[in-house]
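# Geometric and topological summary
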Amino acid sequence: TRVARAVARRAAGFRARPVRWRATHATAPCAGQVVPEQSPVVVSDPSSAIAKPRMRGKRLDRPWHLTYLRNQGTCTPAQKLALRDLWGVYGVDVTTYQGSLPPPKLSFDDLFPAHAKNAPVALEIGFGLGDNLVQMARNQPGTRIIGAEVHKPGVGSALMKIKQGKLRNVRLVKMDALWLLRDFIPDDSLQHVCVYFPDPWTEDTKHRRIVNPFLIALLERKMKRSPDEEGGRARLHVATDDAAYAAHVDYLFASAVGSGKWRAVSVDANDERYGRADIMPGRDVPSKYQNKGTSEGRGVRDACIELVG
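Described below are features of the structure shown in this document.

Quick notes on the rules
Residues numbered from 1 in each chain as written. Predicted model: local features only at pLDDT ≥ 70, side-chain atom pairs only at ≥ 80, totals over all residues. Heavy atoms only, no water. Salt bridge = Lys/Arg side-chain N within 4 Å of Asp/Glu carboxyl O. Helix = DSSP H or I, 4+ residues; strand = E, 2+ residues; numbered from the N terminus. Buried < 20%, exposed > 50% of the residue type's maximum accessible area, 1.4 Å probe, protein only. Expected span 1.5 Å × (residues − 1). Arc of directions from axis to C-beta. Contact = heavy atoms within 4.5 Å. Polar contact = N/O pair within 3.5 Å; in protein donor to acceptor, adjacent residues only side chain to side chain.

### Here's the deal with the pattern of salt bridges
Where charged atoms from two side chains of opposite charge come close, those side chains can pair. The full count for this structure, using the stated rule, is 20 salt bridges. Of the charged contacts, one joins Arg225 and Asp188 as a salt bridge, the two residues approaching to 4.0 Å between their closest N and O atoms. Of the two residues, Arg225 is situated in the loop between α7 (213-222) and β5 (235-240) and Asp188 in the loop between α6 (177-184) and β4 (192-196); the sequence distance between them amounts to 37 residues. One salt bridge in this structure joins Glu306 and Arg235, with 2.9 Å as the shortest N-O distance. Residue Glu306 is found in strand β7 (residues 301-307), and its partner Arg235 is found in strand β5; the two are separated by 71 residues along the sequence. For the pair Glu306 and Arg235, one class covers both residues: buried. What emerges from the salt-bridge pattern is a single network uniting Arg235, Arg263, Asp271, Arg273, Asp278 and Glu306.

### Overview of helix α8 (residues 243-258)
For α8, spanning 16 residues, the distance from its first C-alpha to its last is 22 Å, which sits close to the expected 22 Å at 1.5 Å a residue. By the burial criterion, the buried members of α8 are Tyr245, Ala246, His248, Val249, Leu252, Phe253 and Ala256. For α8, the buried positions fall inside an angular range of 160° around the axis, keeping them on one side. Along α8, exposed side chains directed more than 90 degrees from the buried face belong to Ala243, Tyr251 and Gly258. Contacts made by the buried residues of α8 are with α7, β5, β6 (262-264) and β7. For α8, the side-chain oxygen to backbone nitrogen distance between the N-cap and Ala244 is 3.2 Å, and the N-cap itself is Asp242. After α8 finishes, the residue Gly260 shows a positive phi value of roughly 85°.

The following block contains the structure:
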């Protein structure tokens, strides 16, 4: 049996591999039962997948498709230097394994000790080279800002810009943003979530788009449910220059608003608050990706919804 084999291996000096903690514990298979490897899928009910683990596999227990390419790109010498010298100052090494215990949530009070404990928290998912992220930090010095990105060149570029701006209210995390949200961001904590110019993917791979029902379901747990001191509601901000992605976002946002949990927010790029307050924070300065799209004749579409229940 499996138990007998394990005892024999241990007696022979083999060490058992550590068991990865999972968000929930599925029923253990019986001795001798073969459990097939499960590929990550997006289930029809995204809210039920928030804490649903994979039964087996070396990868993290994600019930969603990867929303990014594994290719890391090539760092410039300056970006490599920034990753080496500045990550310890502005980077956050998330504890993803803690034995049989669930890994700890991020503590924003520990990450930003100079800020008030009730200071708002903003998250930018996929910050690219950090243009909008750094501008958001400049515009809102009282806001605690987390940037999530998986590609090293972008992280290195953002680190250099943060140092040049002498910014103290921004920290970077290099990991899957959906994993970060599900397991490491505290519930009822985020005031703003920004997704600017995400990879649009093709029609055949649209299931890999980061703005999806699973993200919406996650944010309903992770974003602030009550108004802030000025009566402002937690908001999700999305910008894209891809027409198909814009239609995709419109459909998702209409569904979210139809659920009664979200409310549409009008966006006017000529509004004096645009990019500076609670409307598309950090977007008052164009990013490299926006400039590239503009030069190729693509128009930018902004969309925003706020959580009301």
